[in-house]
Each structure stands twice: as structure tokens, then as C-alpha cells.
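Report on the structure
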Amino acid sequence: MIGKKLAHYEVTGKLGEGAMGAVYRARDLRLHRDVALKVLPESFSKDPHRMVRFEREAQVLASINHPNVAAIYGLEESGGVRCLVLELIEGPTLREHLDRNSLSFRQAIDMALQIARALEATHAKGITHRDLNPANIKILENGIIKVLDFGLAKVFMDDEKTSPLSTKAGVLLGTPAYMSPEQVRGGAVDSRADIWAFGCVLFEMLAGEHAFLKSTVPDTLTTVLDREPEWGKLLQSTPPALRRLLGRCLAKEPQHRLRHIGDAILELEEATEEAGRTASASIPVSQGRWRSAAAVGLLGLVVGLMVGIRVWDTTPAEFSLIRQQIQITDEPAVETWPSLSPDGQNLVYAGNGSGNWDIYFRRVDGQTAINLTENFEGDDHQPALSPDGGRIAFQSNRDGLEGIFVMGATGESIRRLTDFGANPAWSPDGTEIVFATLEVESDPTTRGGLDGELWVVNVESEGTRQLATAGRDATQPSWSPNGYRIAFWGLDRKRGSGQRDIWTIPAEGGEPTAVTEDVYTDWNPVWSPDGQYLYFSSDRAGGMNLWRVRIDERTGIPTGQPEQITTGGFSQQLHLTLAGSQLAYAERRSRTNIYAVDFDPETGRVVGEPQAITRGSRVVDHPDVSRDGQWLTYMIRGARESIMASRTDGSDLRRLTNDAFKNRGPRWTQDGTQIAFYSDRSGSYGIWVMDPDGSGQTQITNNPETPIVNPVWSPDGARLVYAYNDVTYVVEGPDWSEQTPTRVMESRPADWSPDGRRLANSSTLTNPWPLRIHSFDTGETLEVSTLPSFGGRWLDDRRLVFASDGEIRLIDVDSGLSQRLLDGPRGETINVAGFSPDRRTLYVLLSAEPESDIWLMTLGP
């Protein structure tokens, strides 16, 4: 081929050859530039069916213009030879680079980010790479990554379910060490196969060793199917965010894997900050392959013989406590609030599988759960077994009042103790129960206020007393094993900050002692049976996981730094047995995303099914669509409550805030030049504005001691409403901080009518309000529906779309008549983002059905 011409390209040299054809360097004689020609195998180019598919794939690939994707310039045929004309990428492959060089964490993360962004761009076009590996990744001199050969593996297969290991030509298509289990089995392949391969590449960049490569192909494929990577090869200083990401990418079953590569981008961006705090640790070179001597036995994951059992090696300090983890429940429902008997043999928990919340009893080693409260159609939850295992305290709404009840361990003799309260916890002698006035169910970020109090009820006399907390917000209490102190968590009531910390007080009440006092979300404290540790849930390493801190039970003063117990998942609602070797907890999985649905504004009905705009396993909230219909903004919940923006088709994703503060409630201005949001970055929640690219962040409220939330602009941008203590106020601009706000109505603001004359209210999940409309003309606020309203958006000056109790509804606010538009999970996050300018597309926030299972962890000494 060298020296020959293909169309107007002159071949000048050979660059390489593989199963998908030979690649040559060539000169474009028309445009006077060097290109790469991938000459297709003759057997392939003569197959009309494959060529039709190939041309279709090439057309889509040619439409992609992304800095990390090698471009396709054209498809040529000359003298019976067919070839792809590709961008010529100078520089080594990642394979060549890894064989010779070490990488710092920062270099590895930067490269991984570029690879992930290339995948995101092509996945958005429906293209799966199918053969992502370091040999298909080029590194330019300036550090830019280029990913090659997108989509080519697909068209070389006979059909969608043909294994790449069994082609007619006997050629191995794909690279075994980077193939996903479903590829190895010859199953259907989608973008999650690329996510697997991405995890393999990331593991190799961090560990200096292949995740699954063995000396023979059969051994390699067996390892892919049946074994875990040698996690111990990772440096001990590898940021937890990267460990979590690798685990989610390399899940054997596709349904358990990271669902969207965009989630990996967010995790990597967070890991970039963690890597900066790790002082750019470098992975050193060793003989033949670079490898770290320090990465010894970090996490040896052994495949259990039973489904649901995970056993960890105990070499590293952060995992040394865990001996075994067993999944106790596995129903398609939410099971939570576990409480173990003193001997660790029995368990009670709350579940909603029957359609309402009930309390269940089961043996830890059994398979049958007994519903103890099935005769009551209301909600019974938050069970707590007494220290002797003979009674269960729980919360219920029996008789129309939510309060604390007690019953026998098998459901007999139910008795009301109080007509208020939640989250009960027993005293060590079983004579009293401490409880909170402000309920915490499953998410520490959604609470009804800053006024939580602790109370104690005597189980026999039913007498109650308030437990003094020196004015500090308090909820979810836990009594220490020797009765000295009570642990709780709360918000900063004085500052109105979003900071959530853990405290303890003397059992008789008094001045609180801080256990944690930092920017992280710390909640759900539980004492160890010997009183030497306090276990709790925290997002201080990224996701919500289990931690513990050594503590002096008599004084409540921490005597050590927090230690991480688990990684991955969302671990919450802990309980320790008196034996001290077992810890039960709930692991929740939730997913919320923005959808677009066609809408008929004349009939006021949706048309067709909702189509996902955002994807992945993160929880999206507070969505808003720009008035020109081009952009969405929203927040993601997690370790960082960040504000994001993207096009309304999900493309051009941007992170607008990237810090440790809680940034919430973004709203576009009418002209789209700014976004208002509320944040605790100044110590108390206040209203901030920023440019659409995240720059120019400026606070526009001046109340350092007052939490101000939920900003909503007027249609003309001249006024702003916001909420303080669930009361809406309006203030005139442009000098927002200099003006005196005027009270409008109770509850939080949702949306201003297009004519600026009326305002709709909005509730919170923990403090629901009926739907109210305030008229600025008359100054009156009218209740137009008894249904609580979440995130309403006006369709026009008369009709409003809002979320309520798991539904999206449309209401005529003048007549009060409403109709259902869409269903969502009852009681779960659901919201309205807005409309396209022509009102023919409705953007909504919908949750997948959440699941939560009970796990039992056995701890070592």
C-alpha cells in the first residue's frame, strides 16, 4: 500500500494492524494535511449487509465533534479497497505510556476524566465503543487524550448477540482483559460494557497492574466472569471516591453497574479535589510493569458461597473492623429501621411492602418475616427493641395522632405512650424511652425545621418530661449503654446553617458536647455496647457511609479521629447488639432524574411517555428550566450539594458550584443572564446569584443570622420572593440587601404567574402545606386545593402544574378543578421543572421506585 493512492490520499507509511484492518499514514492531496486511513479487511468490505451497517455507523460517528474523540473525515472506496479517513493522532498510546511511565493520582484522574467525556459524547449519540482499552487511547504532547475506534467493534460482529470471541474468521475482536462479563458470555451489549472497560482502564492507571489479565485467554475470561480485581494493588492513599467509582464500574451484573458515564465524571471531579489534598502521591515504577510496593492487601474481596454475603480481608485500617456482611432482606420494597435482639438472633424492622408501613419480625438466619402490625392500615415504623428483647417501641399514627407506642416482641399488647414524637430509643434499664419531636425518616437533608426537641417518657407511668438541650436543635437520640449520656444530631439553630453535627448531653439534660463540628453531614448516632465508640452515618468520604469515633462516655468528649467502616451505598439507621459484634443497618438505593414529556396546552394533557434527560443513580432535585427553553439547572444531592446546568436535551453538562457547601434551589432569571440559588457558604443559608457558567457568585441577602431559602424571580426581574422559617417574603431590586422585605404568605414560594399578579406556594416533604395562591392585586392568599403543592409551575395566568403526593397535577386556580397528569412513587421526590416556550414540552422530576435492604455486619475486635 505504501506509495499508492486511494482516491485523493497518498499512502506514506504503515501505522499498525489489527482485527479491524490495517492503518496507514496518508497525505490528503486536496487539503494538504496528513490523515490516517483504516483499510477494511477484504472479507468485510465485500459483505453488503455489514457495509450498510458500517456506513450508517460511520455517519453517526462523523457527526461527533469532541476534543477527546478522534474525528472521522470520510469513507472512501478506490480500486475495490474501502477505507475510513480518520484524524491522524500523533503520540503514544496509553498502553505504551503505562508500560514505561508512572502516573500521579492527578494525572490518572485527568486522563480518566477525558476518557469519560469522550464516552459521554458518543453514548449520547447511541454509540458504544465495545473495545475500549489503553491501545485505543492516544496521548498528545499537550496531554490531551484522544479515544480511537468508537463503534467499530459493533459492525464487525455478525449480530447484536454474537460473541466477539467467535467470529467466522477466528479473529479475537475486542480485548479479553477489558471485556465485560456480558461480552464474554456473548450477550447483548450496551453502554454499560464501556463503563466496565473504563473501570478496567482506570484501575490500571491507579494500580499499575491489569484488573483481570492472566497468562492465557481462558484464564483471563474466567477471572472476568468469576473473580474480583486485586483491590490490594491500589495505593492505600487512593481517595475513597475513586474506590467507590471503581466498585460501581466493575460490578459483574450490568444492572448493578454505574448507569451513566456522566456519573463517573462527577465522581472524578470530586476525586480531583481529594487528590489535591493527597499531595499528588505518585505511583512508582518497578521491573517490567510499574507497580506500588505500598499497595499491599488494601481490599481483598473474596467471593462468598452464598448470595448476599461479602467478606473482606482485614489488612488495611479502614476495613479492619469488618469480618462479614450479610444481606438480610431482599424484597422489592423499602425495608429500614433495623433493631437487633440482645443475643443477635432476632431482628425487627419497618417495611412498606404491604402498601403502608408495617413492623416485621424475623430470625437473622431465617427466610420468613412476620408482619406484627398487619391489622392496622396506617403507618407503623421506627421500631426499637428493648434492652431485654421483650418489647418494641415504635412510632405510629393510630387514632389520628402520631406518637410513641410500645408492644410485646411478637406484636401483642399494643399501648400508646405519647401523642407526639418519633425516633424512640430505650434507656439501658428499659424503664424510659427518649424520643424527638422532629422526625427523621430516611434523609438527613429533608427536615421540617430547626426546632427539634428531645423528650423522655416513662414506660410504666407514661409521664413525660422535656430533656434540656440548651436551646440546640436535636433529633434521633441514642442512650449510652451505662446511662450517662444521650447522643443526638442537629442543625445549628442559631445560625440557620445547613451543617449537621453530632452532640451528646447528660442523660438528665444539660449543656451539649460536640462530637463532630465540621462541614460534613453527620447523623444517626448509635453507641457501642461498651460505650467506648459512637457509630454514625456520614458523607465525609464522599458517599453516605458508616463511621465511628472513640469517645469518653462520661464526658462525651471524642478521644480520637473518625474512622470509616464501610464504603459504597447509602448506609443509615444503625443498631448495635449488646454483644457488640453485630451491627445491623439499612442500605438505601434511590434515583431521581429529570424527564421531558410532550404536552398539549389546549387540552391540558400529557402526550406519550416521559423521556429521560438526566441519567444515572444520583438524586437530582430543585429543577428549573430557562425561559427560552434551552437550559436546565438543578442540584444533585450527596457529599457535595452541587448545582448543575445542561441543555434541555441533557448535553453540555456543567457543574456550576464545586465546593463543600450546600447549594440548593437554583432559579433562572427571566432573561437567562443569572441564576439565583441559596447556600450556607456564608455560615447561614442566604440567597446568592451567579452567571450561567458558575462565575460571579455574589450574595444578595445580608442576614448572617437568618436562614433565607427558595428564591423565585418575578417575571420582570424587578422583585424577588424567598422563604424564611416557611414564610414567604418579597423584596424589591436591584439593591436587594438594602430593602426591607414584605411578608406575603405562609409556606415557601413556588412560582410567579406570567403576568406577575399571582404567586403559588410550595411545601417541603416534611412540612406539607395545602396549595395556596397569593394575589398581589388584592393582598389576599386563597387556598385553592387541600392537596400539598411541591414545585408548582404556571402553564398560563390561570392554570398551574404542581406535584402532590406522588402525582403531577394540573389545576385551574380560579375554579379549583384539577386533574392528574403523571404518576410517581408515592411519598417520594417528584417535582415540576417548567415548560418549553411553546408549552408543548413539560419537564418534570421523577423518582424510580426506591429500595432499601437490611444488612448485618459482623465486626472484629
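See the structure above.
Below is a short write-up of the structure. (Residues numbered from 1 in each chain as written. Predicted model: local features only at pLDDT ≥ 70, side-chain atom pairs only at ≥ 80, totals over all residues. Heavy atoms only, no water.)

Regarding the overall build of the protein
The number of helices and strands found in the protein is ten helices and 58 strands. Scored against the burial criterion, the 861 residues of the protein give a buried share of 58%. Within the protein, residue pairs in contact and separated by at least 24 positions form 50% of the contacts whose partners lie at least 6 positions apart. When the accessible surface of the protein is summed, it comes to about 34,000 Å², and 47% of that surface belongs to carbon and sulfur atoms. (Helix = DSSP H or I, 4+ residues; strand = E, 2+ residues; numbered from the N terminus. Buried < 20%, exposed > 50% of the residue type's maximum accessible area, 1.4 Å probe, protein only. Contact = heavy atoms within 4.5 Å. Areas by Shrake-Rupley, 256 points an atom, 1.4 Å probe, with all protein chains shown as cover.)

A closer look at the state of the cysteines
One pass over the full model with this rule turns up zero disulfides. Just so you know, Cys-249 is unpaired, no disulfide at all, and the nearest cysteine sulfur is the one on Cys-200, 9.2 Å from it. (Disulfide = S-S within 2.5 Å.)

Details of the sheet that holds strand S29 (residues 533-538)
With antiparallel pairing, the four strands of this open sheet are ordered in space as S28-S29-S30-S31. Looking at which strands have only one partner, the edges of the open sheet turn out to be strand S28 (522-527) and strand S31 (563-564). Note: S28 against S29, four bridges, orientation antiparallel. Bridging from a neighbouring strand, Asp-522 pairs with Ser-538 of S29. (Pairing = 2+ DSSP bridges.)

Description of the pairing of strand S40 (residues 663-668)
The element S40 is largely enclosed, with a buried count of six among its six residues. With four bridges connecting them, S40 and strand S41 (residues 675-679) associate as antiparallel partners. In the sheet register, Trp-668 faces S41, and the bridge partner there is Ile-675. Turn length for the S40-S41 hairpin, with the two strands adjacent in sequence and antiparallel, is six residues, and the turn residue Gly-672 shows positive phi of about 75°.

With respect to the sheet that holds strand S50 (residues 770-775)
If you walk across this open sheet you meet the four strands as S48-S49-S50-S51, and the pairing is antiparallel. Strand pairing shows two members of the sheet lacking a second neighbour, strand S48 (748-752) and strand S51 (781-788), which therefore form its edges. Pairs of neighbouring strands in the sheet enclose a mean axial angle of 30°, with direction left out of account. (Axes fitted to C-alpha atoms, helices over the stretch in contact; angles between N-to-C directions.)

Section: the packing of helix H4 (residues 105-123) against helix H7 (residues 191-207)
Running from amino to carboxyl end, H4 crosses H7 at an angle of 170°, the nearest separation of the two axes being 10 Å. Comparing the axis directions of H4 and H7 gives the class roughly antiparallel. In the crossing of H4 with H7, the sense of the turn from one axis to the other is right-handed. Here Phe-105, Ala-108, Met-111, Ala-112, Ile-115, Ala-116, Leu-119 and His-123 of H4 lie close against H7, whose contacting residues are Ser-191, Asp-194, Phe-198, Val-201, Leu-202, Met-205 and Leu-206. Classifying every residue of the contact of H4 with H7 by side-chain character gives twelve nonpolar, two polar and one charged. (Parallel < 35°, antiparallel > 145°, perpendicular 65-115°, else oblique. Left-handed = near helix turned anticlockwise from the far one by under 90°. Nonpolar A, V, L, I, M, F, W, Y, C, P; charged D, E, K, R; others polar.)

What about the environment of Trp-337?
Of note, Trp-337 is situated in strand S12 (residues 335-340). A relative accessible area of 10% places Trp-337 in the buried class. Separated by 13 residues in sequence, Trp-337 and Ala-350 have C-alpha atoms that sit 5.7 Å apart. Aside from chain neighbours lying at most four places away, what touches Trp-337 is Val-348, Tyr-349, Ala-350, Gln-382, Pro-383, Asn-423, Val-440, Glu-441, Gln-476 and Gln-573.

Quick notes on the nonpolar core
In terms of nonpolar packing, the biggest core is built from 66 residues, with Leu-94, Ile-115, Phe-198, Leu-202, Met-205 and Leu-268 touching the most fellow members. Per-element tally for this core: the top contributor is H7, with eleven residues. (Core = buried A, V, L, I, M, F, W, Y, C linked by side-chain atoms within 4.5 Å.)

Description of unusual backbone geometry
Residue Pro-734 is reached from Gly-733 by a cis peptide bond, and omega for that bond is 5°. Within the fold, Pro-734 resides in the loop between strand S46 (727-732) and strand S47 (742-746). Within the chain, Ala-470 stands out as a residue other than glycine whose phi angle is a positive 55°. Looking at the secondary structure, you find Ala-470 in the loop between strand S23 (464-467) and strand S24 (475-479). The exposure class of Ala-470 is partly exposed, given its relative accessible area of 48%. For His-622, which is not glycine, the phi torsion reads 50° and is therefore positive. You can see His-622 is positioned in strand S36 (residues 619-625).

Focus on the pattern of salt bridges
Note on pairing: side chains with opposite charge can pair once their charged atoms come close. Throughout the structure, instances matching the rule amount to 33 salt bridges. Of the charged contacts in the structure, one is a salt bridge between Arg-257 and Glu-182, with a shortest N-O distance of 2.9 Å. Of this pair, Arg-257 sits in the loop between helix H9 (240-249) and helix H10 (261-277) while Glu-182 is found in helix H6 (residues 181-184), placing the two residues 75 residues apart along the sequence. An identical accessibility class is assigned to Arg-257 and Glu-182; each is buried. Salt bridges here are not isolated pairs; linked through shared partners, they connect Asp-624, Arg-627, Arg-667, Asp-751 and Arg-793. (Salt bridge = Lys/Arg side-chain N within 4 Å of Asp/Glu carboxyl O.)

Digging into the pairing of S46
With five of six residues buried, S46 is to be regarded as a mostly interior element. Where strand S45 (residues 719-724) lies against S46, six bridges are found, and the strand directions are antiparallel. For Tyr-724, the partnering residue across the bridge sits in S46 and is Val-727. Hairpin connection between S45 and S46: a loop of two residues separates the two successive antiparallel strands, and Asn-725 in this loop has a positive phi of roughly 50°. Pairing between S46 and S47: four bridges, direction antiparallel. If you follow Val-730 over to S47, its bridge partner there is Thr-742.

Considerations on the side chain of Asn-663
As for its placement among the helices and strands, Asn-663 is situated in strand S40. Judged by its relative accessible area of 0%, Asn-663 is buried. In this structure the side chain of Asn-663 is engaged in a polar contact, spanning 3.4 Å, whose partner is the side chain of Thr-657. If sequence neighbours within four positions are ignored, Asn-663 has contacts with Met-635, Glu-641, Ser-642, Ile-643, Thr-657, Phe-677, Tyr-678, Ser-679 and Arg-681. (Polar contact = N/O pair within 3.5 Å; in protein donor to acceptor, adjacent residues only side chain to side chain.)

Overview of H7
An ideal rise of 1.5 Å per residue puts 24 Å on 17 residues; H7 measures up with 24 Å between its terminal C-alpha atoms. For H7, a buried count of 15 out of 17 residues is recorded, marking the element as mostly surrounded by other parts of the structure. One or two steps after H7, the chain reaches Gly-208, where phi turns positive at roughly 80°. (Expected span 1.5 Å × (residues − 1).)

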